[in-house]
Amino acid sequence: MSVSYKPVIWNRTKMIYDGVLLTGIAVYILLFLKAGPMLSSALRDVDLPTQRMRAFGSLALLMLTIVLAIGPISRIDTRFLPLLYNRRHFGVMTAIIAMTHAYYVLGWYFSFSPTPPLTALLTSNTSFTSVVGFPFELFGVFALIILAVLAVTSHDFWLSFLTPPLWKAIHMSVYFAYAAIIMHVALGALLDRRDLALGFLALGGLVMLCTLHLIAGRRETSIDDAACAEAAEEPWIVVGDLSEIAEGRAIIGAAPGGERIAIFRSKGGLSAVSNVCSHQNGPVGEGKVVLGFITCPWHGYQYRLEDGCSPPPFRERIRKYRVQLKGSTVLVDPEPLPLGTKLEPFPIPGELLAASATPAKQGGA
């Protein structure tokens, strides 16, 4: 968190993340241009400018597929969470690669026309009634516009200015961009030539993303359904056993309406807060208590245990919930307290504290 807006608040993790990302991009482009023609007749039979276009175009598709896969795969296996924390950097770089592809296309196919390149791109093909020959370029332009908007508004200033719900809604349009790119490739490059590698990247990537989202959605729905079934039997939600909560960590329950609640254990007490970070709706319960503050794993936003408020000068807040113990069973009231309500952590009795001194390793829900 920062008192003022900065383009990028660099740290060691961000530098490593971006260094690996840039290295991967450079390696892909070099391999595509050098080894690609030796392995694929589709590349061997075209000139260098066309190879360059296809290199950046296929890379943009690959990167966008990875960006959309990071979310569900980190829900399935928490070991992938580090890829999620700086995903915006990945998205901005994807937009830059897509723009580079468009730049090479305009510079090669339309630079020798007396018509301005952009005008020629939008008017040279109007076969809307035919599948073969359909103006697939329009899908590419549509996707590029969305990626550009998302890249420009990726900074926290826009998140604050637009408000988190609107910002999140705008950034969910990345799925429309992905659908447009699939149509752009299917009606363009895949109809124009037989390229098994590109076909696998487009269609295989689509199947993989659908499968990952279905698995992640089914997994989380089953967790929520189990929690809601328990909650229906009594007014307080049964979240789990005290021994399941590691020191400084949390377990996550779900209220009947679907709201997720994180119960943290710290210094002999239990504190229940909303699992949704006020910054980017990050999963607070997958974070930990750092220097006495609940710390969201996505971008480090912090909240006090007693009232769910960020320390001054920050003003972010998340809701608090009442929590109690019945034996060693952890229960939480599904009704949230008003924002900013101060509620001290529920004290863990001494005998339970000693019995659960070495809890099982906690995994994110």
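In this report, the structure presented in the accompanying data block is examined. Along each chain, the written sequence defines residue order, and numbers are assigned to residues from 1. Residue-level local features of this predicted model are given only where pLDDT is at least 70; pairs of side-chain atoms are given and counted only at 80 or more, and the full residue set underlies all totals for whole chains, interfaces and linings. To get the side-chain values, take all heavy atoms of the structure and skip hydrogens and water.

**Structural notes on the pattern of salt bridges**
- Whenever a carboxyl oxygen of Asp or Glu lies within 4 Å of a side-chain nitrogen of Lys or Arg, that contact is scored as a salt bridge. Throughout the structure, instances matching the rule amount to seven salt bridges.
- Close ionic contact of E306 with R304 constitutes a salt bridge, the shortest N to O distance being 3.8 Å.
- Of the charged contacts in the structure, one is a salt bridge between D333 and R322, with a shortest N-O distance of 2.6 Å. With a gap of 11 residues between them, D333 in the loop between β10 (329-332) and β11 (346-347) and R322 in the loop between β8 (320-321) and β9 (323-326) connect regions that are remote in the sequence.
- In the salt-bridge network here, residues are joined through shared partners; they are R304, E306 and D307. Under the DSSP-based scheme used, a helix requires at least four consecutive residues in state H or I and a strand at least two consecutive residues in state E, with every element numbered from the N terminus.

**Description of the sheet that holds β9**
- Ordered by their spatial adjacency, three strands build an open sheet running β1-β10-β9, and the pairing between neighbours is antiparallel. Two strands bound the open sheet, and with one partner strand each, they are β1 (237-241) and β9. When strand polarity is set aside, the average angle formed by the axes of neighbouring strands in this sheet is 30 degrees.
- For two strands to count as paired, DSSP must find a minimum of two bridges between them. Of the strand pairs in this sheet, β1 and β10 are connected by four bridges, and their pairing is antiparallel. Pairing of V238 across the sheet is with L331, part of β10. Axes here refer to lines fitted to C-alpha atoms; in helices the fit is confined to the stretch in contact. Angles between the N-to-C directions go from 0 to 180 degrees.

**Let's talk about the side chain of S271**
- Tracing the backbone shows S271 in strand β4 (residues 269-274).
- Since its relative accessible area comes to 2%, S271 is described here as buried.
- Apart from the residues lying within four places of it in its own chain, the contact partners of S271 are A262, I263, F264, L305, K320, V323 and P345. Buried, partly exposed and exposed residues are distinguished by accessible area as a fraction of the type maximum, computed with a 1.4 Å probe on protein chains only: under 20%, between the cut-offs, and over 50%, respectively. Residues are treated as being in contact if the distance between any of their heavy atoms lies within 4.5 Å.

Shape is all these values report; function is a separate question.
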